[in-house]
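Architecture and fold: a report
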Amino acid sequence: MSNVTPQKFEFQAEIKQLLDIVIHSLYTEKEIFVRELVSNASDALEKLRHTQITEPAAAADPQELAISVTTDDKAKTITIQDSGIGMTRAELIENLGTIAHSGSKQFLKSLGEGGAKNANLIGQFGVGFYSAFMVATGVKVYSRSWRAGEPGHVWSSDGSGSYEIEEVADQARGSKIVIALKDDCADYATDWKVKEILERYSAFVSFPINLNGKHVNTVQALWLRSKSEVKEEEYTAFYKFQAHAFDEPRLRLHFSADAPLAINALLFVPKDNTEKLGFSRTEASVALYCRKVLIDAKPKDLLPEWLRFLKGVVDSEDLPLNISRETMQDRALIGKLSKVITKRFLKFLEGEAKNHADRYAEFYTEFGIFLKEGAAMDPTHKEQLVKLLRFESSLTEPGKTTSLADYVTRLGADQKEIYYLVGPNRAAIESGPYLEGCKARNLEVLFCYEAVDEYVMGNVREFEGKALTAADHADVKLTDLPQPEGALSEADTKQLTAWLKETLGERVAEVKVSDRLVDSPALALNADKFMSPHMRRMMKAMNKDKPESPLRVNLEINPRSALMKRLFATHAAAPEKAKLVAEQILDNALISAGLLDDATPMVARLYKLLESV
Ligand code: ADP
């Protein structure tokens with residue numbers, strides 16, 4: 001059948017509706033038309049490659065399998081050509097004149113669901129071939145099928161209801177789409193603009209893309225290759241390219257899965273935690289691809305918040321390419337992806353912790369804070385995350401850490417709690433009065449140095465049925481220890497505590513004998529058990545202008561300490577000086593507890609005490 005004269009066709013009603021919206025309502029993200037046409041070209045080449053295996057006619061034509069993009073800024077055109085399977089006349093009518101195909105159908109469906117009223121939503125859709133009409137005054141599709149003896153045709157339309165098809169001579173196999181651009185879209189006829197778009201969306205398309213004769217997609221989609229084939233340097237180069245990074249990746253996870261979803265993923269942990277360096281909050285930046293074509297460079301919900309430090313690529317064939325970008329329509333699908341990838345990454349970290357403990361420790365020093373965030377905020381992954389947490393403890397060497405699981409293996413039979421202390425560093429916790437009671441009873445105490453730890457421990461609450469308990473909490477009850485000789489008698493102690501309460505007045509809620517002091521003379525516990533020292537400091541920082549709520553503490557004393565014995569011996573004889581000493585003991589205890597708000601009165605008092613030496 002030969003058709004030399006142009007023949008005019010009406011678009012199917014749905015296509016008219018679609019075109020109307022594409023032309024009149026899509027203002028945002030016009031540039032995606034390049035991505036859509038390049039991905040169609042890539043599909044056409046892929047189909048040809050498959051056809052070549054079984055059909056000699058498809059293999060006979062030796063044209064290189066490539067995509068060529070050319071721009072002409074004088075004529076204001078952009079042309080996208082491929083040497084793929086091409087279309088016959090019937091296929092041109094079927095594919096470009098009716099709504100038989102997937103992406104655009106999805107689009108129309110969402111319009112039916114009220115999307116038409118939301119221009120933004122529409123803007124975030126890819127609408128396949130028809131997206132060209134966002135920028136075009138006219139589109140011509142030159143195409144010749146791979147089938148032997150098929151003539152070439154040109155399909156043309158201005159998008160307003162009808163199109164024409166005419167036979168053309170000397171058409172190469174494949175399709176060539178020539179877009180005459182609207183005046184305000186003339187940028188898409190410039191090399192620089194199109195280069196930028198191709199690099200963004202189509203950097204990993206498997207077929208060579210030449211822009212005005214220059215090869216632009218030189219990076220391979222490493223994530224689709226088998227691990228054993230990829231060299232270390234290739235991974236590093238890819239990481240630097242994809243994450244726009246200058247460092248070397250610290251850890252890498254390259255995996256593929258078939259069920260429940262087809263996924264190929266290549267994830268990197270960078271060298272440094274930039275949030276820790278004081279940069280702003282890291283943005284989620286694991287990019288989402290569908291068969292090497294970018295869907296979204298920074299999908300918000302692909303991974304949980306606490307994995308925002310990851311870089312890399314997730315590619316899933318199961319994603320409809322055309323569906324959308326920022327607001328991905330198929331929440332359920334993204335949720336599934338997220339679940340699979342997160343689970344896999346956590347498993348990977350477990351493996352690291354077990355098999356490469358040193359490397360894991362270094363990773364943890366840098367990125368542990370994200371795991372803590374997850375453990376505290378993400379109930380779905382809490383259990384796995386808690387196992388990955390590491391702390392120094394009273395039993396570890398400085399700089400070495402323990403997991404909660406290891407802590408539990410060292411527990412005494414009747415220990416029901418996991419103790420921890422929060423402090424700025426090891427030395428501060430070790431020299432404070434809170435540790436000694438636990439130490440005397442051989443109770444291991446985890447050391448927490450980060451401001452968030454308190455919050456994290458409070459949210460995690462328990463591990464393997466053992467409550468996480470702050471050892472400086474007023475409620476902590478420690479078992480009785482055999483009392484060493486030489487303490488003040490019970491009666492004397494009673495007298496001393498009563499005197500202290502009277503002397504210190506409003507500053508203390510209660511004064512009593514401590515069960516947790518061994519060497520230090522006294523310690524302070526916040527009488528408000530719901531307000532830890534750290535929380536108190538945070539509240540203070542947040543409410544700078546408000547008057548402070550007065551601090552009341554419980555003072556616990558050690559009747560075995562030399563200082564208490566001496567204080568008892570002298571308080572009656574030298575009440576003035578004894579009062580100064582009592583106040584100083586309280587202040588010292590407050591300093592250790594991180595509760596001393598104002599040191600000024602203390603300085604004056606110390607001078608007075610020094611004078612009396
Ligand atoms: P989708 O790609 O989602 O199917 P499009 O509107 O982009 O929707 O394209 C419609 C159909 O036109 C495609 O399914 C394909 O069969 C055909 N087509 C588009 N571009 C090309 C091309 N460059 N070469 C061959 N066929 C093409």
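Up top you'll find the structure we're talking about.
Read on for a plain summary of the structure. (Residues numbered from 1 in each chain as written. Predicted model: local features only at pLDDT ≥ 70, side-chain atom pairs only at ≥ 80, totals over all residues. Heavy atoms only, no water.)

Bringing the packing of aromatic side chains into the picture now. Tallied over the entire structure, the rule returns 25 aromatic pairs. Between the aromatic rings of Phe129 and Trp155, the centroid separation amounts to 5.4 Å while the plane-to-plane angle is 80°, which identifies the pairing as edge-to-face. On the criterion of sequence distance, the pair formed by Phe129 in the loop between α6 (119-123) and β4 (136-144) and Trp155 in strand β5 (residues 152-157) is long-range, its members being 26 residues apart. You'll find Phe129 and Trp155 in the same group, each marked buried. With 6.3 Å between their ring centres and 50° between their planes, Phe309 and Phe363 make a pair best called tilted. Within this pair, whereas Phe309 is found in the loop between β13 (293-296) and β14 (311-316), its partner Phe363 is found in helix α10 (residues 357-377), the two being separated by 54 residues in sequence. Accessibility assignment for this pair places Phe309 and Phe363 in one class, buried. Here the aromatic cluster, defined as three or more aromatic residues joined through ring pairs, consists of Phe309, Phe345, Phe348, Tyr360, Phe363, Tyr364, Phe367 and Phe370. Stacked on the ring of Tyr142, the Lys or Arg Lys176 has its end atom at 4.9 Å from the ring centre. (Phe/Tyr/Trp six-rings, centres within 6.5 Å; stacked < 30°, edge-to-face > 60°. Helix = DSSP H or I, 4+ residues; strand = E, 2+ residues; numbered from the N terminus. Buried < 20%, exposed > 50% of the residue type's maximum accessible area, 1.4 Å probe, protein only. Lys NZ or Arg CZ within 6 Å of the ring centre and 35° of its normal.)

Ordered by their spatial adjacency, five strands build an open sheet running β10-β11-β14-β12-β13, and the pairing between neighbours is mixed. Two strands bound the open sheet, and with one partner strand each, they are β10 (251-257) and β13. Neighbouring strand axes in the sheet, compared pairwise and without regard to direction, differ in orientation by 25° on average. The sheet contact formed by strand β11 (residues 263-269) and β14 spans six bridges and is antiparallel. The residue bridging Leu267 from the neighbouring strand is Gly312, located in β14. (Pairing = 2+ DSSP bridges. Axes fitted to C-alpha atoms, helices over the stretch in contact; angles between N-to-C directions.)

The geometry of helix α16 (residues 490-504) relative to helix α18 (residues 562-570) is characterised by a closest axis approach of 10 Å and an angle of 80° between their N-to-C directions. As summarised for this structure, α16 and α18 are arranged roughly perpendicular, according to the angle between their axes. Of the residues in α18, those in contact with Asp492, Gln495, Leu496, Trp499 and Leu500 of α16 are Met564, Leu567 and Phe568. Partitioned by chemical class, the residues of the contact of α16 with α18 number six nonpolar, one polar and one charged. (Parallel < 35°, antiparallel > 145°, perpendicular 65-115°, else oblique. Contact = heavy atoms within 4.5 Å. Nonpolar A, V, L, I, M, F, W, Y, C, P; charged D, E, K, R; others polar.)

Turning our attention to a positive patch on the surface. Among the surface-exposed residues, Lys227, Lys339, Lys343, Arg344 and Lys347 lie close enough to one another that they form a single positively charged patch. The residue Lys343 is located in helix α9 (residues 331-355) in this model. (Patch = residues over 30% accessible without salt bridge, like charges linked within 9 Å, V, L, I, M, F, W, Y side chains within 5 Å. Areas by Shrake-Rupley, 256 points an atom, 1.4 Å probe, with all protein chains shown as cover. Salt bridge = Lys/Arg side-chain N within 4 Å of Asp/Glu carboxyl O. Lys, Arg positive; Asp, Glu negative; His and termini not counted. Charge placed at Lys NZ, Arg CZ, Asp CG, Glu CD.)

Our focus in this paragraph is the pattern of salt bridges. Inspection of the entire model under this criterion finds 32 salt bridges. Linking Glu506 and Arg552 is a salt bridge whose minimum nitrogen-to-oxygen distance equals 3.8 Å. Of this pair, Glu506 sits in the loop between α16 and β20 (508-513) while Arg552 sits in the loop between α17 (533-542) and β22 (553-557), and the two are 46 residues apart along the sequence. Glu506 gets classed as exposed once you look at its relative accessible area, which sits at 65%. Several salt bridges share partner residues, and in doing so they unite Glu275, Arg281, Glu305, Arg308 and Glu373 into one network.

A few words now on the sheet that holds strand β9 (residues 214-215). As summarised here, the arrangement of the nine strands in space is β1-β6-β5-β4-β7-β3-β2-β8-β9, forming an open sheet in which the pairing is mixed. Strands at the two margins of the open sheet, each flanked by one partner only, are β1 (7-10) and β9. In this sheet, strand β7 (residues 174-181) lies alongside strand β3 (residues 77-82) in antiparallel orientation, the contact comprising six bridges. Following the sheet pairing, Thr79 is matched in β7 by Val178. Helix α2 (residues 32-54) contacts β2 (67-72), β3, β7 and β8 (209-211) of the sheet and is inclined by roughly 20° relative to β3.

This part takes up the packing of α16 against helix α19 (residues 575-593). Remark: α16 packs on α19, axes separated minimally by 10 Å, with the N-to-C direction vectors making an angle of 85°. The orientation of α16 relative to α19 falls into the category roughly perpendicular. Along its contact with α16, which presents Trp499, Leu500, Thr503 and Leu504, the element α19 presents Ala578, Lys579, Ala582, Glu583 and Leu586. Here the contact of α16 with α19 is built from residues that sort into six nonpolar, one polar and two charged.

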